[in-house]
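# Fold and geometry: a report
Okay, here's what each chain looks like letter by letter:
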Amino acid sequence: LGLSLDPFPAEWLAQLWEAVAPRAALSMSQQLFEPDREAEMALHYLENIEGTQLLLQVFRVHLCTSLEALAQDVSDSGNLAHLRMLRDRAVAACLAAFSGGY
């Protein structure tokens, strides 16, 4: 997992933030979010996805949420090496199971 969680260096973003002059959103030539178009795209996606793909995505989201909750519980409960070991095993098993390029 050699990828950074931050897509851009913080220093570069801070410099860029200071260098760019502020502009009102109304002066932008294109809307950043078009609700009707986005809803249409979401519905089109749901109409065309296979059931197994949808279930796999729902399972991955649920698994990720459960692992985050487990990690939070382990960090909140203090220095419990056994719980940390179980958390690390669960994360490793999930990474191994989903590294098949799906």
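Residues numbered from 1 in each chain as written. Predicted model: local features only at pLDDT ≥ 70, side-chain atom pairs only at ≥ 80, totals over all residues. Heavy atoms only, no water.

### So, the overall build of the chain
Defined as follows: Secondary structure elements follow DSSP: runs of H or I of four or more residues count as helices, runs of E of two or more count as strands, with numbering from the N terminus. Buried means the residue's accessible area, taken with a 1.4 Å probe over protein chains only, is under 20% of the maximum for its type, while exposed means over 50%, and partly exposed covers the values in between. For the area figures, the Shrake-Rupley method with a 1.4 Å probe applies, and any residue is considered shielded solely by the protein chains shown.
Regarding its fold elements, the chain presents 4 helices and 0 strands. Its helices and strands taken in sequence order, the chain reads α-α-α-α from the N to the C terminus. For the chain, the residues scored as buried account for 6% of the 102 residues in total. Surface accessibility of the chain: about 9,300 Å² in total, with carbon and sulfur atoms responsible for 64%.

### Side note on the environment of V91
Looking at where V91 falls in the secondary structure, it is placed in helix α4 (residues 81-97). Given the relative accessible area of 32%, V91 is considered partly exposed. Placed 20 residues apart in sequence, V91 and A71 show a C-alpha to C-alpha distance of 9.7 Å.

### Here we look at the state of the cysteines
Formally: Any two cysteine sulfur atoms within 2.5 Å of one another count as a disulfide.
For the structure shown, the criterion picks out 0 disulfides. There is no disulfide at C64, and the cysteine sulfur nearest it, in C94, is 9.2 Å away. Judged by its relative accessible area of 16%, C94 is buried.

### A short note on a nonpolar patch on the surface
Definition in use: Patch membership requires over 30% relative accessible area and the absence of a salt bridge. Like charges are linked within 9 Å, and nonpolar side chains (Val, Leu, Ile, Met, Phe, Trp, Tyr) within 5 Å. Here, a salt bridge means any side-chain nitrogen of Lys or Arg that lies within 4 Å of a carboxyl oxygen of Asp or Glu.
A cluster of nonpolar side chains, F8, W12, L13, L16 and V20, forms an exposed patch at the surface whose accessible area comes to about 470 Å². Within the secondary structure, W12 sits in helix α1 (residues 10-19). The exposure class assigned to W12 is partly exposed, which follows from its relative accessible area of 41%.

### Looking at the confidence of the model for the chain
Note the cut-off: The predictor rates its confidence in each residue with pLDDT, a number between 0 and 100.
When pLDDT is averaged across the chain, the result is 81; 86% of the residues are at 70 or more. Within the chain, the lowest mean pLDDT, 82, falls on α4, and the highest, 94, falls on helix α2 (residues 35-48).

### Thoughts on the packing of aromatic side chains
Let me state the cut-off plainly: Pairing of aromatic side chains here covers Phe, Tyr and the six-membered ring of Trp, requires ring centres within 6.5 Å, and sorts the geometry by plane angle: under 30 degrees stacked, over 60 edge-to-face, intermediate tilted.
Inspection of every chain in the model, using the stated rule, returns 1 aromatic pair. Centre to centre, the rings of F8 and W12 are 5.5 Å apart; their planes meet at 35 degrees, and the pair counts as tilted. With a relative accessible area of 46%, F8 lands in the partly exposed category.

### Considerations on the pattern of salt bridges
Considering all chains together, one arrives at 2 salt bridges under this definition. Among the ionic pairs, R37 bridges to E38, the shortest N-O distance being 3.7 Å. The class for R37 is partly exposed, based on a relative accessible area of 41%. For E38, a relative accessible area of 27% corresponds to the partly exposed category. Beyond isolated ion pairs, a larger network of salt bridges with shared partners links E34, R37 and E38.

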